[in-house]
Amino acid sequence: MSETDAAVVVLDGTEAAVYAYGLVAARLPVGSERSSALSAMAWHRSQRDSLRARITALGATPPAAAAAYTPPFPVTDAASARRLAALVEDRLAGQWAGLAAATSGATRTQDARTAQACAVRVVTWSGLAPVWNGAT
Amino acid sequence: MPIDLSRRDVLRLGLVVSAGAGLAACTTASSSGTPTQTDPGGPEDPDRALRAEVGADEARLTALYAAAETVLTGTSATRTASLGERHATYRAAVDPASASAAPNGSGSPSTSQVGSGSPSASATVPAVTAATALKVLVAAEASAATARATQSARATDPELARVIVLAGTGAAAAAAALSAARAR
């Protein structure tokens, strides 16, 4: 996969994560967990902006975000909100690993670190550490 | 979470890992080998040294977990064991020939290594506590995560790079999970 194609995949996953964190924050009680969700949303927004710039720099046009993303299960309470947050972070960790593989040098190292940041948030939300991020 | 990892803590687990350097130090030491028989791509594989290096790192982590498990009990032991098993999986994915040739061997500290740099340590240091074991594991996983991000950049094969990156995400996640366990 080319770097551009891999970046588009990560961008789509990141847009989905931003949307998902809106749902997640709405279902979490006011306090540290909601603050963590909002911080994660802001972090992914920043990554999204960087990805769009990166795709443009690679000579492609970044695709627009979807109007809405359908969660794979109903998000009705705090437990399902945490599960959704863990799922999107796990997928994104795998996608960032794919992007890292499509690059080289310092860019790959940085993408790998970004993947790790997502993987750590999987633990934050689920308490679990998948063996292979993005495999589920 | 800051890690205050002393040399004595590491020695208590019976491993020669210098304080502060952790697995990264082992990475440098292991990269000089020429594991011709363990390379999936054979002598022409440009990534063979990297495969061996990462594989040796993962073997050391397996050995470190094995040492830690001797002092952990109950839920902590079960959880830690499952995290430790992952390193054999990563090793097999990165360096399958080496993993099958020496599933538990390389990376395990020998008795003579335990006291290196501190001859009296193995005889005088009291038994390690569970808290110390967890602290050492957190530091080792965090160090491995840092190392994998850097090592991935040296891979010629994109798939190998992806696997090394994912081994790094696994290490970062394990460090977070173990830190949470320490906090409980």
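Residue numbers here run from 1 along each chain, matching the order of that chain's written sequence. A letter from A marks each chain and a number from 1 marks each ligand, given out in the order of writing. In view of the model being predicted, local features appear only for residues whose pLDDT reaches at least 70, and side-chain atom pairs are presented and counted only at 80 or more, with totals across whole chains, interfaces and linings using the full set of residues.

Student: For the interface of chain A and chain B, give the residues involved together with the corresponding values.
Tutor: What counts as a contact here is a pair of residues whose C-beta atoms, placed from the backbone, lie within 7 Å. Listed per partner, the contact involves 23 residues of chain A and 24 residues of chain B. When residues of the side of chain A that touches chain B are assigned to their parent elements, the largest contribution, 12 residues, is made by helix α4 (residues 105-126) of chain A. Under this grouping Gly is polar, as are all residues other than the nonpolar Ala, Val, Leu, Ile, Met, Phe, Trp, Tyr, Cys and Pro and the charged Asp, Glu, Lys and Arg. Residue composition of the side of chain A that touches chain B, grouped by class: 15 nonpolar, six polar and two charged. Only DSSP runs of H or I with at least four residues qualify as helices, and only runs of E with at least two residues qualify as strands; both kinds are numbered from the N terminus onward.

Student: How would you explain helix α9 (residues 158-183) of chain B if you had to name every residue and give the values?
Tutor: Here α9(B) contains 26 residues, and its C-alpha end-to-end distance of 38 Å stays within 8% of the 38 Å for a straight helix at 1.5 Å per residue. Any residue whose C-beta has 12 or fewer other C-beta atoms within 10 Å is treated as exposed, any with 20 or more as buried, and any in between as partly exposed, C-beta atoms being built from the backbone. Across the 26 residues that make up α9(B), a large majority, 19, are buried. Take the number of residues in a helix, subtract one, and multiply by 1.5 Å to get its expected span.

Student: Quick rundown of the confidence of the model for chain B? Include the residues and the values.
Tutor: Residues and elements named next belong to chain B. Averaged over all residues, the pLDDT of chain B is 74; the fraction at 70 or higher stands at 63%. The lowest-confidence element of chain B is helix α6 (residues 111-114), averaging 30 in pLDDT; the highest-confidence one is helix α8 (residues 130-152), averaging 96. Residue-level confidence of the predictor is what pLDDT reports, using numbers from 0 through 100. The low-confidence segment residues 1-5 (pLDDT under 50) makes 11 contacts with residues lying over four places distant or belonging to another chain. Reported confidences for the modelled complex are a pTM of 0.83 and an ipTM of 0.96.

Student: Describe the packing of helix α3 (residues 78-101) of chain A against α4(A), with residues and values.
Tutor: All names here are of chain A. Between the N-to-C directions of two axes lies an angle of 0 to 180 degrees, each axis being a line fitted to C-alpha atoms and, for a helix, fitted only over the stretch in contact. Interaxial distance between α3 and α4 falls to 8 Å at its minimum, and their mutual angle equals 165°. With respect to α4, the axis of α3 lies roughly antiparallel. For the pair α3 and α4, the sense of crossing is left-handed. Packed against α3, whose contacting residues are Arg82, Ala85, Ala86, Glu89, Asp90, Leu92, Ala93, Trp96, Ala97, Leu99 and Ala100, the element α4 presents Arg108, Asp111, Ala112, Thr114, Ala115, Cys118, Ala119, Arg121, Val122, Trp125 and Ser126 at the interface. A breakdown of the residues in the contact of α3 with α4 according to their chemical character gives 14 nonpolar, two polar and six charged. Each angle gets one of four labels, with under 35 degrees taken as roughly parallel, over 145 as roughly antiparallel, 65 to 115 as roughly perpendicular, and the rest as oblique. Crossings are assigned a handedness: left-handed for a near helix turned anticlockwise from the far helix by less than a right angle, right-handed for a clockwise turn.

Student: Describe in detail the nonpolar core, supporting the description with residues and values.
Tutor: As used here, a nonpolar core is made of buried Ala, Val, Leu, Ile, Met, Phe, Trp, Tyr and Cys residues. They are joined through C-beta atoms within 7 Å. A:Ala85 and B:Ala173 are the most contacted members of the largest nonpolar core, which totals 84 residues. Listing elements by their share of this core, those giving two or more residues are α1 (3-27), α2 (32-57), α3 and α4 of chain A together with α3 (48-69), α4 (74-94), α8 and α9 of chain B. The dominant element in this core, judged by the number of residues it contributes, is α9(B), at 15 residues.

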